[in-house]
Amino acid sequence: EGMALPQRIFPPEKICKDWQQRQRPGAGLFNLGNTCYVNVILQCLTYTSPLANYLLSHQHSQSCQQQGFCMMCTMEAHVRKVLCSSASAILPGAVLRDLKFIGEEFEYGRQENAYEFFRCALDAMHRACLSGCRDLHGSSQETTIVHRIFRGFMKSRVMCLSCQAVVDSYEAFLDVSLDIRAASSLITVLEDCVTPKQLDQEECFRCSKCKKKAAASRKVTVHHAPRVLTLCLERADQWTGTKISKFVEYPEYLDLRPYMSDTDGEPLLCSLYAIVVHSGDTCLEGHFLCYTKASNGLWYRMDDESVDNCDIHTVLGQQAYLLFYAR
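- Looking at an unreviewed UniProt entry, one finds the chain named UBP42 hydrolase and attributed to Sylvietta virens.

Now the structure itself:
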């Protein structure tokens, strides 16, 4: 439907979304000074069941030929250490030691943003999967296990308001950032996202049917939903830089069907399994902690080395920054 189909290159690993074994949560993570942004993302990735199942299977490390740092091998060792350790907390030493390989902008000991680390961690894992594969077509590169779990597609439909001709384009995404300034709930944000909006004069649209510039509207929908949907509630005001500290309601179960290109059919349910929370007066300082659902189906508050059980009402009452939903 207007998108180039990838020529599959990577082995079609079976993606197992259900935990292979149910157990209490693993270890907490020590904070070595301003490393909470690393800890929360590592914990959220550890409890992303399709990724964790793949890493625990050793499929990557058994065939890895990368010299030096490999993010997939590093994550494989980390997840196994967290989930299998008898200690109450461990040090994510390998990740912290190689921060510069994950993202050039990260400097050990300096406060950084959890969302930026998440993006860089996914990119680093993706690059590790591509190591040794040369001259791959772009669409083939997108068949790595990382993209098969986190990647979705957005569809942008521009309609000429004069003759109703439409032009569709597609864009891949690994996460979605949402403007929450005018919203009280995630549902209202998503409803606004899929509402057609008239293009500004600067974005004037030249209609191929009318053969002239014309007024037009754009509607953006989810064309293909990822297995894991990551949503970033933008808490830094893009104009003032100040933190948006208001509560935005979000559900435990999210039906994506109303926001899809095809709104007909069965509900497309996603279940919340992790959130990241930022505490502090500004986005440039403060502290990150997370809430994750372990393989035993119970929720836990993970604040660096502390791992404490909690209930879903506590989880849904947070000033969330990142939301992780699994289909």
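Overview of the packing of helix 1 (residues 36-46) against helix 4 (residues 71-84)
Right, on to step 1. For the pair helix 1 and helix 4, the least separation of the axes is 10 Å and the interaxial angle reads 80 degrees. Between helix 1 and helix 4, the angle is such that the two are roughly perpendicular. In this structure, helix 1 uses L42, Q43, L45 and T46 to contact helix 4, whose residues at the interface are M75, H78, V79, V82 and L83.
Right, on to step 2. Here the residues of the contact of helix 1 with helix 4 sort into six nonpolar, three polar and no charged.

Topic: the environment of A27
Right, on to step 1. Tracing the sequence through the fold places A27 in the segment before strand 1 (28-29).
Right, on to step 2. On the accessibility criterion, A27 (1% relative accessible area) is buried.
Right, on to step 3. In sequence terms A27 and F205 are 178 residues apart; their C-alpha atoms lie 54 Å from each other.
Right, on to step 4. In contact with A27, not counting residues within four places along its chain, are Q43, V82, A87, S88, A89, I90 and V307.

Let's talk about helix 2 (residues 49-56)
Right, on to step 1. Burial analysis of helix 2 places seven of its eight residues in the buried class, the great majority of the element.
Right, on to step 2. Residues of helix 2 that are buried: S49, P50, L51, A52, N53, Y54 and L55.
Right, on to step 3. In this fold, the buried residues of helix 2 make contact with helix 1, helix 3 (59-63), helix 4, helix 7 (114-130), helix 9 (145-150) and strand 10 (228-234).

Topic: unusual backbone geometry
Right, on to step 1. For N34, which is not a glycine, the phi torsion comes out positive at approximately 60 degrees.
Right, on to step 2. Within the chain, H58 stands out as a residue other than glycine whose phi angle is a positive 65 degrees.
Right, on to step 3. The topology assignment puts H58 in the loop between helix 2 and helix 3.
Right, on to step 4. When its relative accessible area of 28% is taken as the criterion, H58 is described as partly exposed.

Here we look at the packing of aromatic side chains
Describing an aromatic ring pair means giving the distance of the ring centres and the angle of the ring planes.
Right, on to step 1. Enumeration over the complete set of coordinates arrives at nine aromatic pairs.
Right, on to step 2. Taken together, a centroid distance of 6.5 Å and an interplanar angle of 50 degrees make the contact between F247 and Y250 tilted.
Right, on to step 3. For F247, a relative accessible area of 41% gives the class partly exposed.
Right, on to step 4. The class of Y250 is buried, set by a relative accessible area of 2%.
Right, on to step 5. An aromatic cluster of at least three residues, connected via ring pairs, comprises F118, F150, Y273 and F324.

Things to note about the sheet that holds strand 4 (residues 166-173)
Right, on to step 1. Reading across from one edge, 4-3-9-6 is the order of the four strands in this open sheet, with antiparallel pairing throughout. Among the strands making up the open sheet, the edge pair consists of strand 4 and strand 6 (197-198).
Right, on to step 2. Across two bridges, strand 6 lies against strand 9 (residues 216-224) in antiparallel orientation. Among the inter-strand pairings, Q198 is bridged to a residue of strand 9, identified as S217.

Examining the nonpolar core
Generally speaking, a soluble globular protein has its nonpolar side chains buried in company with each other.
Right, on to step 1. Membership of the largest hydrophobic core comes to 61 residues, with the highest contact counts inside it found for I41, L45, M72, F117, M125, F150 and V276.
Right, on to step 2. With 11 residues, helix 7 is the largest single contributor of residues to this core.
Right, on to step 3. Other than its neighbours up to four places away in sequence, L45 contacts L51, M75, F118, A121, L122, M125 and F150.

Things to note about the packing of helix 4 against helix 7
Any two packed helices are characterised by the angle at which their axes cross and by the distance between the axes.
Right, on to step 1. Running from N to C, helix 4 and helix 7 cross one another at 115 degrees; their axes reach a closest spacing of 7 Å. What the angle tells us is that helix 4 and helix 7 run roughly perpendicular. Within the contact between the two elements, helix 4 uses M71, M72 and M75 and helix 7 uses A121, A124, M125, A128 and C129.
Right, on to step 2. Across the contact of helix 4 with helix 7, the residue classes break down as eight nonpolar, no polar and no charged.

With respect to helix 1
Residues that lie three or four places apart on an α-helix share one face, since the helix turns once every 3.6 residues.
Right, on to step 1. With 11 of 11 residues buried, helix 1 lies mostly within the body of the structure.
Right, on to step 2. Those residues of helix 1 lying buried are C36, Y37, V38, N39, V40, I41, L42, Q43, C44, L45 and T46.

Quick look at the pairing of strand 9
Right, on to step 1. Relative to strand 9, strand 3 (residues 152-160) is paired through eight bridges, and the arrangement is antiparallel. Residue pairing across strands places K155 opposite T221, the latter belonging to strand 9.

Points about the pattern of salt bridges
Right, on to step 1. Applying the stated rule across the entire model yields nine salt bridges.
Right, on to step 2. R110 is paired through a salt bridge with E107; the nearest N and O atoms lie 3.3 Å apart.
Right, on to step 3. R110 gets classed as partly exposed once you look at its relative accessible area, which sits at 36%.
Right, on to step 4. One salt bridge connects R110 with E112, and the closest N-O pair in it is separated by 2.9 Å.
Right, on to step 5. With a relative accessible area of 13%, E112 lands in the buried category.

About the criteria used
Residues numbered from 1 in each chain as written. Predicted model: local features only at pLDDT ≥ 70, side-chain atom pairs only at ≥ 80, totals over all residues. Heavy atoms only, no water. Axes fitted to C-alpha atoms, helices over the stretch in contact; angles between N-to-C directions. Helix = DSSP H or I, 4+ residues; strand = E, 2+ residues; numbered from the N terminus. Parallel < 35°, antiparallel > 145°, perpendicular 65-115°, else oblique. Contact = heavy atoms within 4.5 Å. Nonpolar A, V, L, I, M, F, W, Y, C, P; charged D, E, K, R; others polar. Buried < 20%, exposed > 50% of the residue type's maximum accessible area, 1.4 Å probe, protein only. Phe/Tyr/Trp six-rings, centres within 6.5 Å; stacked < 30°, edge-to-face > 60°. Pairing = 2+ DSSP bridges. Core = buried A, V, L, I, M, F, W, Y, C linked by side-chain atoms within 4.5 Å. Salt bridge = Lys/Arg side-chain N within 4 Å of Asp/Glu carboxyl O.

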